[in-house]
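Residue-level listing of the chains:
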Amino acid sequence: MVFSSLEFLFVFLPIFLLCYYLFPKRMQNLILLIGSMIFYIYGAYDKEQIGKSIASILLFLATIVLTFTCGRFIERQFQCADRAEQPDRHKRFAKAWLLIGLIFNIGWLVFFKYTNFFLENWNHISSGEPIPPLKLLMPIGISFYTFQTVSYLVDVYRKDIPAEKSLLRFSVVIAMFPHIISGPIFRYRTISPDLRERTVTLSQFDEGLRTMTIGLGYKVLLANQLGGLWSDLSAIGYESISTPLAWAGIIAYSLQLYFDFYGYSLIAIGLGHMLGFQIPDNFDHPYTTLTMTDFWRKWHMTLGAWFRDYVYIPLGGNRVRKGRHIFNLLVVWLLTGFWHGASWNFIFWGLFLFLCIVTEKNWTGKYFREHKTAGHVYMILLIPISWLMFAISDLEQLTTYAGRLIGIGGGDNVIAGIEKVSGYWEFLLIGILCCTNFPKIIYRKWKLAPVTSIVLLAVFWFAVYYMCMSSNDPFMYFRF
Amino acid sequence: MPKKTRLRLYTVLLLVSAVIAAPKVYGTLWDTHFSEQTASEDSDSFGDIAPLTTPVTTPQLQSTTTTTTTNANPESSTEANGSATSATSTTVKVPQTTTTTTTTTTTTPPPAIVYQHVGNFVPGDAGYFADALFIGDSRMVGIRDYGTIKNADYYCNVGLGINNMSKGVDGVSLDAKLSAKTYGKIYIMLGVNDVGYAYEPTITKYAQILALIRQKQPNAVIYILSNLHVTKQRSAHDRYVNNPMIDRLNTAQSAYANAADIVYLDSNALFDDAEGNLNADYTGDGTHIYAKHYKDWCDWLTAHIAAP
């Protein structure tokens with residue numbers, strides 16, 4: 001069940017909210033858990049692969065219970081260590097429990113996400129009988145909830161937080177429907193105060209609803225529309241597109257990616273508000289940054305924070321000699337690339353980001369920060385190029401597209417020009433405008449004006465109109 | 001307005017509007033989950049036209065409807081009725097089997113797929129399309145934009161289908177388009193946008209469209225072009241847009257061909273793989289061929305001109 005669906009907005013959400021507010025406050029966590037489980041099961045259920053979908057649901061439950069248990073055991077071992085005569089023994093046990101938890105969590109993520117990638121590459125290099133790929137059904141949200149559970153276990157082990165004593169509260173945090181599918185990934189302590197005590201006033205609810213509406217607008221009215229241009233290009237075939245069209249296409253894709261994910265994150269944050277939780281921001285106008293280093297501090301911020309806290313700093317961060325620092329960056333960016341998807345283009349993409357960031361750290365970064373125009377031009381070129389590596393997983397196609405960006409290749413095949421963008425210009429312009437902080441400034445200034453409520457209302461119903469159109473007509477998004 | 005009210009205004013407005021919109025929204029939801037797509041929405045768009053009937057069920061084409069009787073060329077239709085089956089030309093596509101140099105034993109190839117055209121076809125040249133009209137969906141838009149047939153008229157749009165024909169193209173109805181000019185040949189390729197709709201009404205409506213064409217353009221040769229297949233991958237995962245559904249529609253459409261003034265051409269012969277799915281090498285989205293291949297399609301159409 002995606003947020004931008006009629007089923008979610010008009011069936012699940014109203015029923016859930018009614019239960020959430022009508023039942024006594026002490027039952028809110030339980031209702032949130034039940035609601036989240038229904039949400040998860042509805043999303044994971046695949047009638048063509050019943051066995052596998054049940055397995056993925058059970059795995060999700062097992063992950064929650066096992067992580068909770070490991071957290072408790074880690075804490076208990078530390079408590080014993082404080083009292084015992086041989087504290088080292090208990091500390092070793094604590095570490096063992098941490099490792100069990102980590103291996104279980106990361107193991108399943110690797111299994112589901114990367115097995116076929118490894119098999120494919122193994123078949124490529126080995127001369128023996130090729131191993132057929134496994135038919136796996138990846139559990140929904142596994143990339144996100146695994147990072148959430150790993151973060152929890154490490155925090156408990158580091159004694160940053162006490163282990164959660166209530167399985168109910170723990171399950172609520174991990175499974176909470178606003179963030180289970182695509183984050184934001186947050187640390188346990190961000191949300192744990194809200195778990196025990198939270199109040200939702202009507203004006204807070206209103207605030208959440210507004211945020212949710214803006215997210216819905218970004219997702220349905222911008223991202224989904226812009227997505228059309230990108231899919232048009234893949235249908236035309238990259239060798240046939242002119243250079244201006246290639247640039248328009250990759251810009252459209254960059255905007256689509258941003259508004260899709262930013263919109264989704266805003267919906268999650270809005271829903272959080274409506275339920276009394278403070279879910280952290282995930283984006284802070286990344287497209288207006290001057291360097292790639294800055295960009296990644298403002299794009300998918302919760303993921304960046306995760307890699308910083310659980311990979312980069314444990315490796316030593318930047319408080320090491322230079323060679324080691326570069327190595328640390330390499331590890332972080334290769335993992336970031338690989339986390340986004342199991343294919344070579346994501347690894348190259350990670351490497352590309354690494355090279356950009358190392359170059360900026362040592363040479364160019366200072367210049368671009370001081371010369372804003374140059375910085376913006378640099379990023380306007382670099383962002384689409386980096387997303388191109390992200391978007392196209394077939395390396396041959398990727399090369400073809402990159403060639404078209406600089407006018408190489410194609411020859412007689414170039415038969416699709418910039419006129420293909422007609423119908424998308426307004427979305428591109430609105431998209432570019434919404435990348436700046438201009439809309440936010442206006443919104444803050446006029447937030448309480450009644451006209452703002454009317455505009456938001458229009459955004460909401462326009463989005464719903466589009467959703468109705470697409471469910472009325474199964475071909476809304478793939479018309480021929 | 002007091003601040004307290006303004007802080008809650010959006011929630012109140014949204015709730016009120018939701019109550020007003022509820023019947024429509026829940027109606028849509030209900031339709032999506034509990035009822036089949038139907039073509040009833042604009043079924044009256046061609047209500048005044050009796051659908052063309054197939055030559056198989058009604059051998060006398062002249063007697064199908066009053067509109068066709070007065071306009072159809074009696075000579076060609078008589079001929080057609082007599083030779084409809086014999087004039088069926090077929091293209092057999094034998095899957096290519098790669099043989100290694102060491103292998104000497106012959107392996108039985110998988111059964112060849114037969115592409116059945118209805119009509120007699122001879123090679124022609126580009127001048128043939130000067131008085132042609134092409135009607136169709138996005139694949140036809142592809143022929144218009146990327147193909148080599150530039151001298152023809154086009155009446156096509158992305159998303160155009162049998163069931164939404166009444167919406168017209170750029171504000172022009174099909175009726176108006178057909179009334180504006182006399183055409184010598186009309187190519188029609190529609191249906192892939194209709195596989196999600198109820199089957200029977202779709203076919204009836206298709207026959208109405210053919211009848212309208214016949215009525216407005218009595219002397220034109222009508223080319224029914226098959227809808228192109230989709231790739232194996234797409235076909236396997238799409239509830240509506242899959243090759244069995246497309247084949248069902250194509251077969252039904254081909255039945256309207258009489259091998260004389262209505263012919264049927266199956267372009268799938270050109271772009272299918274050995275298993276009868278759209279060849280994955282030709283497409284990026286599993287549905288549309290790459291722009292560069294439309295030239296081949298145009299060449300193929302030029303090479304398949306209905307024999308006079």
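Conventions we followed
Residues numbered from 1 in each chain as written. Chains lettered and ligands numbered in written order. Predicted model: local features only at pLDDT ≥ 70, side-chain atom pairs only at ≥ 80, totals over all residues. Heavy atoms only, no water. Helix = DSSP H or I, 4+ residues; strand = E, 2+ residues; numbered from the N terminus. Buried < 20%, exposed > 50% of the residue type's maximum accessible area, 1.4 Å probe, protein only. Areas by Shrake-Rupley, 256 points an atom, 1.4 Å probe, with all protein chains shown as cover. Phe/Tyr/Trp six-rings, centres within 6.5 Å; stacked < 30°, edge-to-face > 60°. Lys NZ or Arg CZ within 6 Å of the ring centre and 35° of its normal. Contact = heavy atoms within 4.5 Å. 1 Å grid on protein atoms, 1.4 Å probe; cavity = no way out; pocket = protein on both sides within 12 Å on 5 of 7 lines; lining within 4 Å. Points joined across faces, edges and corners; volume = space filled by probe spheres on them. Nonpolar A, V, L, I, M, F, W, Y, C, P; charged D, E, K, R; others polar. Core = buried A, V, L, I, M, F, W, Y, C linked by side-chain atoms within 4.5 Å. Pairing = 2+ DSSP bridges. Axes fitted to C-alpha atoms, helices over the stretch in contact; angles between N-to-C directions. Buried area = accessible area lost by both parts, 1.4 Å probe. Salt bridge = Lys/Arg side-chain N within 4 Å of Asp/Glu carboxyl O. Polar contact = N/O pair within 3.5 Å; in protein donor to acceptor, adjacent residues only side chain to side chain. Right-handed = clockwise from strand over helix to strand, strands pointing away. Disulfide = S-S within 2.5 Å. pLDDT = per-residue confidence, 0-100. Left-handed = near helix turned anticlockwise from the far one by under 90°. Patch = residues over 30% accessible without salt bridge, like charges linked within 9 Å, V, L, I, M, F, W, Y side chains within 5 Å. Parallel < 35°, antiparallel > 145°, perpendicular 65-115°, else oblique.

Novice: Quick question: what am I supposed to make of the overall build of chain A here?
Specialist: The number of helices and strands found in chain A is 18 helices and zero strands. The proportion of buried residues among the 480 residues of chain A is 53%.

Novice: Looking at this structure, I do not really get the overall build of chain B. What am I missing?
Specialist: Helix and strand counts for chain B stand at 11 helices and nine strands. Sorting the 308 residues of chain B into buried and exposed places 51% on the buried side. As presented, chain B carries roughly 14200 Å² of accessible surface, and 55% of it is formed by carbon and sulfur atoms.

Novice: Is there a simple way to think about the packing of aromatic side chains in this case?
Specialist: The description of an aromatic ring pair rests on the distance of the ring centres and on the angle between the ring planes. Enumeration according to the criterion identifies 84 aromatic pairs over all chains in this entry. When the ring centre of A:Phe78 is taken as origin, the NZ or CZ atom of A:Lys159, which lies over that ring, is 4.4 Å away.

Novice: How should the side chain of B:Asn250 be read in this particular structure?
Specialist: Residues and elements named next belong to chain B. Tracing the chain through its elements places asparagine 250 in helix α9 (residues 243-254). For asparagine 250, a relative accessible area of 3% translates into the label buried. Other than its neighbours up to four places away in sequence, asparagine 250 contacts Ser226, Asn227, Tyr264 and Asn268.

Novice: Sorry if this is basic, but what is going on with empty space enclosed by the protein here?
Specialist: Picture a little ball the size of a water molecule; that probe, rolled over the atoms, points out where space is still empty. Residues and elements named next belong to chain B. One pass over the full model with this rule turns up one cavity of 30 Å³ or more. For the largest cavity, the calculated volume is near 50 Å³. Lining the largest cavity we find Asp194, Val195, Tyr197, Ala198, Tyr199, Thr202, Met245, Arg248 and Leu249. At the level of elements, α7 (199-216) and α9 are the ones that each hand at least two residues to the lining of the largest cavity. Looking at which element gives the most residues to the lining of the largest cavity, the answer is α9, with three residues. Grouping the constituent residues of the lining of the largest cavity by class yields six nonpolar, one polar and two charged.

Novice: Looking at this structure, how should I read the nonpolar core?
Specialist: Counting 182 residues, the largest nonpolar core has A:Trp387, A:Tyr401, B:Tyr187 and B:Leu301 as the members making the most contacts within it. By residue number, the principal contributor to this core is helix α9 (residues 243-275) of chain A, which donates 20 residues. With sequence-adjacent residues up to four places away left out, B:Leu301 is seen in contact with B:Phe129, B:Phe134, B:Ile143, B:Ile149, B:Tyr187, B:Leu225 and B:Leu265. Within the second largest apolar cluster, 40 residues are counted, among which are B:Met165, B:Val195, B:Ile224 and B:Ile262.

Novice: Would you mind showing me how to read the sheet that holds strand β5 (residues 153-156) of chain B here?
Specialist: Either a parallel or an antiparallel arrangement is found when strands of a sheet pair, and the pairing is made through backbone hydrogen bonds. All names here are of chain B. As summarised here, the arrangement of the five strands in space is β5-β4-β6-β7-β8, forming an open sheet in which the pairing is parallel. With one partner strand each, in any of the chains shown, β5 and β8 (262-265) form the two edges of the open sheet. Strand-to-strand twist of the sheet, defined as the mean angle between neighbouring strand axes without regard to direction, takes the value 20°. Judged from the four bridges that link them, strand β4 (residues 132-136) and β5 form a sheet pairing that is parallel. Within β5, the position partnered with phenylalanine 134 by the bridge is tyrosine 154.

Novice: Mind showing me how you'd approach the interface of chain B and chain A here?
Specialist: Every contact between the two is made by 44 residues of chain B and, on the other side, 41 residues of chain A. Carbon and sulfur atoms make up 65% of the area that chain B and chain A hide from each other, which totals about 3800 Å². Looking at the side of chain B facing chain A, the largest losses of area belong to B:Tyr10, B:Tyr146 and B:Lys292, adding up to 18% of the total buried there. In this structure, A:Glu239 engages B:Lys292 in a salt bridge whose closest nitrogen and oxygen atoms are separated by 3.0 Å. Inspection of the region where chain B meets chain A yields 11 residue pairs in polar contact (both at pLDDT 80 or more). Mapped by element, the contributors of at least two residues to the side of chain B that touches chain A are α1 (3-6), α2 (9-34) and α5 (138-146) of chain B. Ranked by residues supplied to the side of chain B that touches chain A, first place goes to α2(B) with 14 residues. In terms of residue class, the side of chain B that touches chain A is built from 21 nonpolar, 14 polar and nine charged.

Novice: Looking at this structure, how should I read unusual backbone geometry?
Specialist: Backbone geometry follows two general trends: most residues other than glycine have a negative phi, and most peptide bonds adopt the trans configuration. Residue and element names in this part refer to chain A. The peptide bond linking glycine 183 to proline 184 adopts the cis configuration, its omega dihedral lying at 0°. Note on placement: proline 184 falls in the loop between α6 (167-175) and α7 (188-196). Even without being glycine, lysine 159 reaches a positive phi, approximately 60°.

Novice: Is there a simple way to think about the pairing of strand β6 (residues 185-189) of chain B in this case?
Specialist: As a general feature of sheets, a regular strand has side chains that alternate between the two faces. Residues and elements named next belong to chain B. The element β6 is extensively covered by neighbouring structure, given that five of its five residues are classed as buried. Sheet topology places β4 next to β6; five bridges connect them, and they run parallel. Its bridge partner being in β6, isoleucine 135 is matched across the sheet by isoleucine 188. The pairing of β6 with strand β7 (residues 221-225) spans four bridges and is classified as parallel. Paired with isoleucine 188 across the two strands is isoleucine 224, which belongs to β7. With respect to chirality, the unit in which β6 leads through α7 into the neighbouring parallel β7 is right-handed.

Novice: Is there a simple way to explain the state of the cysteines in this structure?
Specialist: Simply put, disulfide is the name for a covalent bond between the sulfur atoms of two cysteines. All names here are of chain A. Going through the model one piece at a time under the given rule, you end up with zero disulfides over all chains. Looking at cysteine 435, it has no disulfide partner, and the nearest cysteine sulfur is the one in cysteine 434, 7.5 Å off. According to the relative accessible area criterion, cysteine 435 is buried, its value standing at 6%.

Novice: Sorry, what's going on with the confidence of the model for chain A here?
Specialist: Do not read the predicted coordinates in detail wherever pLDDT is low. For chain A, mean pLDDT is 93; residues scoring 70 or higher make up 98% of the total. pLDDT under 50 marks residues 473-478 of chain A. Its contacts with residues more than four places away, or in other chains, come to 17 contacts.

Novice: Could you clarify how one ought to interpret the packing of α7(B) against α9(B) in this entry?
Specialist: Helix-helix packing is described using two parameters, namely the angle between the two axes and the distance between the axes. All names here are of chain B. Where α7 meets α9, the axes come as close as 11 Å, and the angle between the chain directions of the two elements is 35°. For α7 against α9, the interelement crossing comes out right-handed. In this structure, α7 uses Tyr199, Thr202, Ile203 and Tyr206 to contact α9, whose residues at the interface are Arg248, Leu249, Ala252 and Gln253. Across the contact of α7 with α9, the residue classes tally to five nonpolar, two polar and one charged.

Novice: What exactly am I supposed to notice about a nonpolar patch on the surface here?
Specialist: Residues and elements named next belong to chain A. There is a patch of nonpolar side chains on the surface, built from Ile41, Tyr45, Ile50, Ile54, Leu58 and Leu61 and spanning about 530 Å² of accessible area. Ranked by residue count, the leading element in the nonpolar patch is helix α3 (residues 50-83), at four residues. Mapped onto the elements, tyrosine 45 comes out in the loop between α2 (28-44) and α3.

Novice: What is the right way to look at the packing of helix α4 (residues 87-125) of chain A against helix α5 (residues 142-157) of chain A in this model?
Specialist: All names here are of chain A. Axis separation between α4 and α5 bottoms out at 10 Å; the angle between their running directions is 170°. Classified by the angle their axes make, α4 and α5 are roughly antiparallel. Contacts between α4 and α5 involve Ala94, Lys95, Leu98, Gly101, Leu102, Asn105, Ile106, Trp108, Leu109, Phe112 and Lys113 on the former and, on the latter, Ile142, Ser143, Thr146, Phe147, Thr149, Val150, Leu153, Val154 and Tyr157. When the residues that make up the contact of α4 with α5 are grouped by side-chain class, the tally is 13 nonpolar, five polar and two charged.

Novice: Please clarify how the pattern of salt bridges should be interpreted in this entry.
Specialist: A side chain of one charge can pair with a side chain of the opposite charge when the charged atoms of the two come close. Evaluation of the coordinates by the stated rule reveals 23 salt bridges over all chains. Here A:Arg187 ties to A:Asp155 by a salt bridge, and the two come within 2.8 Å at their closest N and O atoms. With A:Arg187 in the loop between α6 and α7 and A:Asp155 in helix α5, this residue pair connects regions lying 32 residues apart in the sequence. The partner of B:Asp131 in a salt bridge is B:Lys185, with the nearest N and O atoms 2.9 Å apart. Highlighted residues: B:Asp131 in the loop between β3 (121-122) and β4 and B:Lys185 in strand β6, separated in sequence by 54 residues. The class of B:Lys185 is buried, set by a relative accessible area of 11%.

Novice: What should I look at first to understand the environment of B:Asp281 in this one?
Specialist: Residue and element names in this part refer to chain B. One can find aspartate 281 in the loop between α10 (268-271) and α11 (294-302). For aspartate 281, a relative accessible area of 62% translates into the label exposed. In the structure, aspartate 281 is positioned 10 residues away from phenylalanine 271 in sequence and 9.5 Å away in space, judged by C-alpha atoms. Leaving out residues up to four positions away in the same chain, aspartate 281 has contacts with Tyr290 and His293.

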